[in-house]
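Structural description and commentary
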Amino acid sequence: MHHTAPSEPPWFRQVGRSQWKSFFAAWIGYVLDGFDFVLITLVLTEISADFHLDTVKAASLVSAAFITRWLGGALLGALGDRFGRKLSMVVSILLYSLGTFACGFAWDYTSLFVARLAIGMGMAGEYSASATYVMESWPVRMRNRASGFLISGYSVGTVLAAQVYKWVVPALGWRWMFYLGLIPVLVALWMRRALPEAADWKAAVVEREQRPNPFRPLFTTRARATVNVMLAVAATVSLFAVFTPLGDGHVPVLSALAAACLIAFAVQLGGRRGWLLYVSMIVTIFFAFLYSWPIQALLPTYLKTDLGYDAGQVTDALYYAGFGTMAGCWLAGFVGDWIGTRKAYAFTLLASLVFVFPVFAVRDSLPLLGVLLFVLQATSFGISGLLPRYIGGHFPTHTRAAALGFTYNVGALGGAVAPVLGARLASSMDLGHALAVLTFAGTMIVVVLVGFDVPGRLGRLLDPEGPADHLVLDEDRGPAPAAARASAD
């Protein structure tokens, strides 16, 4: 008698109830993250008018949140590795929500800049904690989907922020946008109060009763601890000076000093076998931000100044961009699980290059601009939904949150450079052309770095025995099923 094998249930039924609950709690955190973070880009022109700021100085307010991200990512990531992903998520959302609320009370450029520093620290922790939490909770062969779906929450937050901007700012002024940023924190904390801990982290840490300390290499001796504290202070002060008038005339020297300090941390945290992986991953992420953040930060300014759009038209254009990013994140998850993370990332970015210059050539048709923005953001910014999956696969469970948090958020300084660089380029060409050039050049570099997995290849030069993908063949949980291994690069 012939027996047919039972058909496999749909993928969404293979994700358990507690795994879906974990996902939605983290996803809501990302929605709030996106909402809080992009508020500054929406009201940049209003703030500039109130505080009498030029374009470069106003753009530095976007950059401010990136200055402390490296520190927030490392500290809150280490908290997640040692005490669990849940605690790190809650601390992160409290930090960036309070920072957003404080922005509403800013009385000048400096006070607003300082509040943005707090937002940067919290956002950094949110990224590392939520990303590792969801990926370590979901089935192995669906972790590209977990990554892409999670990052889509950021886009939802940006769309909500654009809608609130249209309702609130014309009637109440820009400060109320920041006051409202505090309200949703109660929802996120309620969602996270009774969540299960990430399965991989429990298996690697709780069940073995071994609490990792990712910062141990920085404090092996009193002398080394002292030097590293001095390096942390030097890096933070240098970055602060670079993006404020304090560093006028000394930006190249200060930038080099900050880079040297951060690379020194990367070398120590990576150790003898991992330092090259850490440094090359930071470089890759830096360029990933350099290609994507000129548009993220300065698109509202471009629409209002170069195209003369009013608040309603800006909101409509941002809808197209936000939904495009969201759709791109969802698509990235499925394509990543289908053909592999690296191939999905590189091929989709290549496709995005077709749309970069046309977006900034459209001037008289909002519907056409909207469609082009949708497709560009889906293939360009949306594919970055795979970044947590790509980065996380290079690091083992017991150091994943700290390693992802540090490398991602140091690399995120590319997002601090991007709007300032875009504004400076706009002094010699129109803003739209400057944004297109930066986006195109940065995308080409990332295609090479990710497509050829340059960080992974360099890492294996020093650690030939290291797994190619820790999230598929996890050293703490044994070999993954064959189907899962087939989905990896």
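Let me begin by describing the structure that accompanies this report. Values in this document were obtained by computation on a predicted structure and should not be read as measured data.

1. Regarding the overall build of the chain
- Secondary structure summary: the chain contains 21 helices and 0 strands in total.
- Over its C-alpha atoms the chain spans a radius of gyration of 22 Å, differing by no more than 12% from the 23 Å that the globule rule assigns to 489 residues.
- The dimensions of the chain, computed from C-alpha atoms along their principal axes, are 70 × 65 × 40 Å.
- Counting only residues that meet the buried cut, the chain has 59% of its 489 residues in that class.
- In the chain, 83% of the contacts between residues at least 6 apart in sequence involve partners at least 24 apart.
- With the model as given, the accessible surface of the chain reaches about 19,200 Å², and the carbon-plus-sulfur share is 68%.
- Charged side chains in the chain number 35 positive and 29 negative. The centres of these two groups are separated by 7 Å.

2. What about the pattern of salt bridges?
- For the structure on display, the rule yields 8 salt bridges.
- In this structure, the salt-bridge partner of R400 is E136, at a minimum N-O distance of 2.9 Å. Of the two residues, R400 is situated in helix α17 (residues 397-411) and E136 in the loop between α6 (109-135) and α7 (143-172); the sequence distance between them amounts to 264 residues. Grouping residues by exposure puts R400 and E136 together as buried.
- When the shortest N-O distance is used, the salt bridge between D469 and R389 registers 2.7 Å. Pair noted here: D469 is in the loop between α20 (454-462) and α21 (482-486) and R389 is in helix α16 (residues 387-392), with a separation of 80 residues, a long-range link. Grouping residues by exposure puts D469 and R389 together as buried.

3. Some remarks on the layout of surface pockets
- Empty space within the largest pocket amounts to approximately 790 Å³.
- Residue assignment for the lining of the largest pocket shows that the elements contributing at least two residues are α3 (55-67), α11 (222-242), α12 (251-305), α17 and α18 (413-425).
- In terms of residue count, α12 provides more of the lining of the largest pocket than any other element does, 11 residues in total.
- Split by residue class, the lining of the largest pocket holds 22 nonpolar, 5 polar and 4 charged.
- Of the volumes computed, that of the second largest pocket is approximately 570 Å³.
- As for the second largest pocket, its lining consists of 29 residues, and the residues nearest its centre are G270, G274, Y278, F395 and P396.
- Looking at the lining of the second largest pocket, the elements that each hand over two or more residues are α12, α17 and α20.
- Residue contributions to the lining of the second largest pocket peak at 6 residues, all from α12.
- Its residues assigned to classes, the lining of the second largest pocket comprises 14 nonpolar, 10 polar and 5 charged.

4. Digging into the packing of aromatic side chains
- Scanning the entire structure with this criterion turns up 28 aromatic pairs.
- The interplanar angle of 85 degrees and the centroid separation of 5.9 Å between the aromatic rings of F51 and W174 together place this pair among those described as edge-to-face. You can see F51 sitting in helix α2 (residues 44-51) and its partner W174 sitting in the loop between α7 and α8 (175-180), a full 123 residues away along the chain. No difference in accessibility class separates F51 from W174, as the two residues are buried.
- Both rings, one in Y109 and one in F113, keep their centres 5.8 Å apart while their planes meet at 50 degrees; by these two values the pair is tilted. Residue Y109 and its partner F113 are located together in helix α6, separated by 4 residues, close to a single helical turn. Neither Y109 nor F113 differs from the other in exposure class; each is buried.
- Through successive ring pairs, a cluster of aromatic residues spans W11, W20, F23, F24, W138, F149 and F334.

5. As for α18
- The terminal C-alpha atoms of α18, which comprises 13 residues, lie 18 Å apart, in line with the 18 Å expected from a rise of 1.5 Å per residue.
- At its buried positions, α18 is contacted by α3, α11, α12, α17 and α19 (431-451).

6. So, the nonpolar core
- I47, Y345 and F406 are the most contacted members of the largest nonpolar core, which totals 145 residues.
- Among the elements that line this core, the one with the most residues is α12, at 24 residues.
- Excluding its chain neighbours within four sequence positions, the residues that come into contact with I47 are I40, H52, L53, L61, L112, W174 and F178.

7. Let's talk about the side chain of R69
- Tracing the sequence through the fold places R69 in helix α4 (residues 69-83).
- Not counting the four nearest positions on each side in its chain, R69 is found in contact with G120, M123, A124, F289, Y408, N409 and A412.

8. Quick notes on the side chain of Q377
- Locating Q377 in the fold gives a position in helix α15 (residues 366-379).
- Note on Q377: relative accessible area 3%, which makes it buried.
- Setting aside residues up to four positions removed in sequence, Q377 forms contacts with I295, Q296, A321, G324, T325 and G382.

9. A look at α4
- Taking 1.5 Å of rise per residue, 15 residues should cover 21 Å, and α4 covers 20 Å from first to last C-alpha, within 8% of that figure.
- Those residues of α4 that fall on the buried side of the exposure criterion are R69, W70, G72, G73, A74, L76, G77, A78, G80 and D81.
- In the stretch just after α4, G84 is the one whose phi turns positive, near 115 degrees.

Thresholds, definitions, all that
- Residues numbered from 1 in each chain as written.
- Predicted model: local features only at pLDDT ≥ 70, side-chain atom pairs only at ≥ 80, totals over all residues.
- Heavy atoms only, no water.
- Helix = DSSP H or I, 4+ residues; strand = E, 2+ residues; numbered from the N terminus.
- Rg over C-alpha atoms; globule rule 2.2 N^0.38 Å.
- Buried < 20%, exposed > 50% of the residue type's maximum accessible area, 1.4 Å probe, protein only.
- Contact = heavy atoms within 4.5 Å.
- Areas by Shrake-Rupley, 256 points an atom, 1.4 Å probe, with all protein chains shown as cover.
- Lys, Arg positive; Asp, Glu negative; His and termini not counted.
- Charge placed at Lys NZ, Arg CZ, Asp CG, Glu CD.
- Salt bridge = Lys/Arg side-chain N within 4 Å of Asp/Glu carboxyl O.
- 1 Å grid on protein atoms, 1.4 Å probe; cavity = no way out; pocket = protein on both sides within 12 Å on 5 of 7 lines; lining within 4 Å.
- Points joined across faces, edges and corners; volume = space filled by probe spheres on them.
- Nonpolar A, V, L, I, M, F, W, Y, C, P; charged D, E, K, R; others polar.
- Phe/Tyr/Trp six-rings, centres within 6.5 Å; stacked < 30°, edge-to-face > 60°.
- Expected span 1.5 Å × (residues − 1).
- Core = buried A, V, L, I, M, F, W, Y, C linked by side-chain atoms within 4.5 Å.

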